[in-house]
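# Structural characterization, general
Next come the chains, spelled out residue by residue.
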Amino acid sequence: MFNKIKEFVVNFITSRLVILSAVLILAAAGLVYRLFFLQIIKGEEYLDSFQLKIKKEKSIPATRGNIYDRNGKLLAYNELSNSITIEDVYESGSGKNKAVNETINKVIDIVEKNGDSVDTDFNIQLNTSGNYEFTVEGNTLLRFLADIYGRTSINDLKYEERSKTPKEVVDDLCTKFGVGDYTDPNNRKTFTPGMGYEKDRLLKVLTVRYNMDSNSFQKYIDTTIAKSVSEKTVADIMENSDTLDGVSIEEDTARVYVDSAYFSQILGYTGKVSDTELTELQAENNEYSSNDTVGKSGIEQSMESVLQGKKGSETVYVDNTGKVIETSKYIDSTAGNDVYLTIDKDLQEACYNIIERSLAGILISKIQNIKSYNLSENQKASEIIIPVYDVYFALFNNHVIDLDHMESEDAGPNEQSVHAAFLTKKDNVYAQIRNELETLNTPYNQLSTEYRNYMSYIAQKLYSNGVIDSNEVDKEDETYIAWTKDETISLTEYIRYCIAANWIDVTVLDLESQYVDSDEIFERIVDYIFKDIEEDDEFNKKLYKYMLEEDSISPVSVCNILLEQGVVELPEDEIRLWNQGGEAAYTFILNRISNLDITPAQLALDPCTGSMVITDVNNGDVLALVSYPGYDNNMMANGVDAAYYAKLRSDQSSPLLNFATMQRTAPGSTYKMVAATAGLMEGVIDTTSTITCTGSFDKLDSVAHCWIYPSSHGSLNVTGGIRNSCNAFFYEVGYRLGLTGSTYNSEVGLSKLAKYADLYGLTETTGIEVSEYDPIVSDLDSVRSAIGQGTNSFTTVGLARYVTAVANSGTCYNLTLIKKTCDSDGNLLEEHGATVRNQIDMDISYWNAIHQGMRQVVEDKTYYSDLKVNVAGKTGTAEESKKRANHALFVCYAPYESPQIAIATRIPYGYTSSYAAQITRDAIEYYFGLSDTDMENATANQLQGGEADED
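Residues numbered from 1 in each chain as written. Predicted model: local features only at pLDDT ≥ 70, side-chain atom pairs only at ≥ 80, totals over all residues. Heavy atoms only, no water.

Here we take up the packing of helix H26 (residues 672-681) against helix H28 (residues 727-737). Packed helices, taken two at a time, are described by the angle their axes make and the gap between the axes. Orientation of H26 relative to H28, taken along the N-to-C sense of each, is 45°, at an axis distance of 10 Å. Classified by the angle their axes make, H26 and H28 are oblique. For the element pair H26 and H28, the recorded crossing hand is left-handed. In contact with Lys 672, Ala 675, Ala 676, Ala 678 and Gly 679 of H26, H28 contributes Asn 727, Phe 730, Val 733 and Leu 737. Along the lines of polarity and charge, the residues of the contact of H26 with H28 split into six nonpolar, two polar and one charged. (Axes fitted to C-alpha atoms, helices over the stretch in contact; angles between N-to-C directions. Helix = DSSP H or I, 4+ residues; strand = E, 2+ residues; numbered from the N terminus. Parallel < 35°, antiparallel > 145°, perpendicular 65-115°, else oblique. Left-handed = near helix turned anticlockwise from the far one by under 90°. Contact = heavy atoms within 4.5 Å. Nonpolar A, V, L, I, M, F, W, Y, C, P; charged D, E, K, R; others polar.)

Take a look at the structure:
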């Protein structure tokens, strides 16, 4: 009975609910009808009253803190700007990709029409050959690929995913985001990735789509399409807003760097946070989000937490297209704090200019009016000369001359003529290479030098592109040796053997079937070769070298192209002389280098780079940290300029490398103060003991010579050993350090040298707040290590810390670039400064002996004789290649009587240490106010001829 009553009640309630629901639905329908009817009758105000609102909580980015030099001179600041962003307001479905891509393309068209640039900060870029390449490597690349393929960690990547080429990743992203088209519109299975897009446009669209996808897991995060756009672009975007769903104009700030080239290696630049960076930053501060701008390198990166500031927030109501209707609950952001560096802006710029004009002077002294030059077997590295034809080719090779412009409609007559000659040369070379590969099969050692270069390059590309799988190649195989070492077979023979030996990765080739014979594989490889070199800028630039040698291009034409492209401008009197044929091309080029119209960095011929670090010996402040050449970090911040970045990556002077902190070479004889300290402290010498230099050291199996050989220095004490940079003296010190009783043990000597290298800070990085390579202390041969050879390898900043400790008699600092931090109102937050790493407790007589030797080194330099401040220093040269000039080094401090500053200077491939010493002299002269040279307008600095090289 009870169950029947229960069933009756349930049915009654259910029926009433159904009736009630129907009534409510009818009522709602009536209300909608009424509202629709009223809207028609009474106008738009009713629609507005019932407009759909979406509530969003938006963060307000903080203004980044400024960066100043030690004297309060501005180095980095912010300007108000406008950015274009897009939010994913698109409905899911088959048409979403097409709609989003159309919107992005419309925005790009507007942006670029007005001369602005879209954000191309992506880990795939186009190189100067127009091919895709990764801009990251190692674990950073694997993390990027893991993000692309939706893997939680790099360990989850499949083999084929971690092995993807840049082109394959681009194709995969195109497929994912529908960027491309269908070969047959009636067949939806024939989608071709990227179809209908130029490569550069494709990357721009993919950058936005990838960033949108990365932001998709966070609600209401906008993705930036372009930053720092003009008012005209803002107006055009607003005018077209009805067709640009989700697109907004956001007020923003743009990072600006003052005198950027001088400070780019110190300051670094800002950019959109990567996924890896975001994970690391969120571990310290969970307010970071995927669309934030952060420091990517340099001080911008190391001081990120100080500079970033605190975000604000606001509540925003938007309609279904993303347009803002209403805002509320506004909380302002807090500006980031300011950073003051130890760097002196004026000193940094002066030293950079000194290096540049000195490099130009060295080049001028080495350039001769000849076509070619071969270094003879007995010739010294300091005697290497530069044929002027190498200079002409360098203008093509390092993109000083714009090769693309030469084939454009507005190319000048000389450009057109040279480009026509290039096309003829190209056809002939390609035909000859094909003939060699398919018919002639000339052994490599019987080819001309020109075609040996072509074939070597092609073989190297087959390896680097993975056609020949280097993991499969047997390095002991006779055919491999015949190709790589004996050079007695042709490239064709080698390729065919690679096919037979299964060293070819056929998946790289465009094969219609996996089951093809060796002849077809060879044909596909030949086709691959020509397709590859056709698009290879590096290969095609080689043609210009031989065109110059063959006189297909005249030196006068090269000079005229520089004028036609506006690379250089001549003074009126010189242009008149040039147009009248009164100036030779050789003189024209030397004048351009002398006037720095064409810089050493642009030519990228040895020497074209340099570094200098200046410290305050009394507190460890770094006053200047110069790396030449620099780059314009304004082009890297606020959205990377893809074309500029590609040019930097291909620039043969390596402007992205900090030569002060990221280049290591042997220290040469600058290391001899370490050996002297070790010898004195270990008791194998004292200040009065002498060692006799006969020009040779014969206590080892192989005889080691002093740099003065076949002459000799005679008997020297430690001061004289340093003064004369006597290798024989320090060979003996290194030998004695290795003695255990009467038995020589190199390992014992090396451990003692390493002990004192450590006391000078040469076993670890210096503490500065930018990236720095670890030093390498020699683990080979204590005799030769004592003169800075062996495997010793140090950065310039490492040598600067070392000579700072020498100058102040034993205080080794952890160096710093940071002087203090302040809030945005200028209130001091924290004083920074170098800390004492260790003290070298050594008898004052030992210090005096070392200092006197260094002082006498400088006293013997005629170019220091008129300097009104006394300097103590040590020269050094380091050989890296028999075919290139030696590295030039000089370390010093001044004034000798009461040291204030220490300096380390390195000129890679700088011929002789006397050049480094003269460059340093000019820096000292500037620092102490003894120079009246206008550094900004100075021409090439003619240095005195090189002296005998020291090991």
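A cis amide bond links Asp 606 to the next residue, Pro 607, at an omega of -5°. Secondary-structure assignment places Pro 607 in the loop between helix H24 (600-603) and strand E17 (610-616). Of note, the amide linkage connecting Tyr 709 to Pro 710 takes the cis form, showing an omega dihedral of 15°. Relative to the elements of secondary structure, Pro 710 occurs in the loop between strand E21 (704-705) and strand E22 (714-716). Even without being a glycine, Asp 551 presents a positive backbone phi close to 65°. Note on placement: Asp 551 falls in the loop between helix H20 (537-549) and helix H21 (555-564).

Extensive coverage of strand E18 (residues 622-628) is indicated by the burial of seven of its seven residues. Pairing analysis gives six bridges linking E17 to E18, with the strands arranged antiparallel. The residue bridging Thr 615 from the neighbouring strand is Val 622, located in E18. (Buried < 20%, exposed > 50% of the residue type's maximum accessible area, 1.4 Å probe, protein only. Pairing = 2+ DSSP bridges.)

Under the defined criterion, the tally for this structure stands at 51 salt bridges. Note that Asp 172 and Lys 164 form a salt bridge whose closest N and O atoms lie 3.1 Å from each other. Since its relative accessible area comes to 21%, Lys 164 is described here as partly exposed. With its nearest N and O atoms 3.7 Å apart, the salt bridge here joins Asp 922 to Arg 921. Taking relative accessible area as the criterion, Arg 921 reaches 9% and is therefore assigned buried. If you follow the salt bridges from partner to partner, you end up with Arg 357, Asp 866, Arg 921, Asp 922 and Glu 925 in one network. (Salt bridge = Lys/Arg side-chain N within 4 Å of Asp/Glu carboxyl O.)

Coordinates in, geometry out; function isn't part of it.
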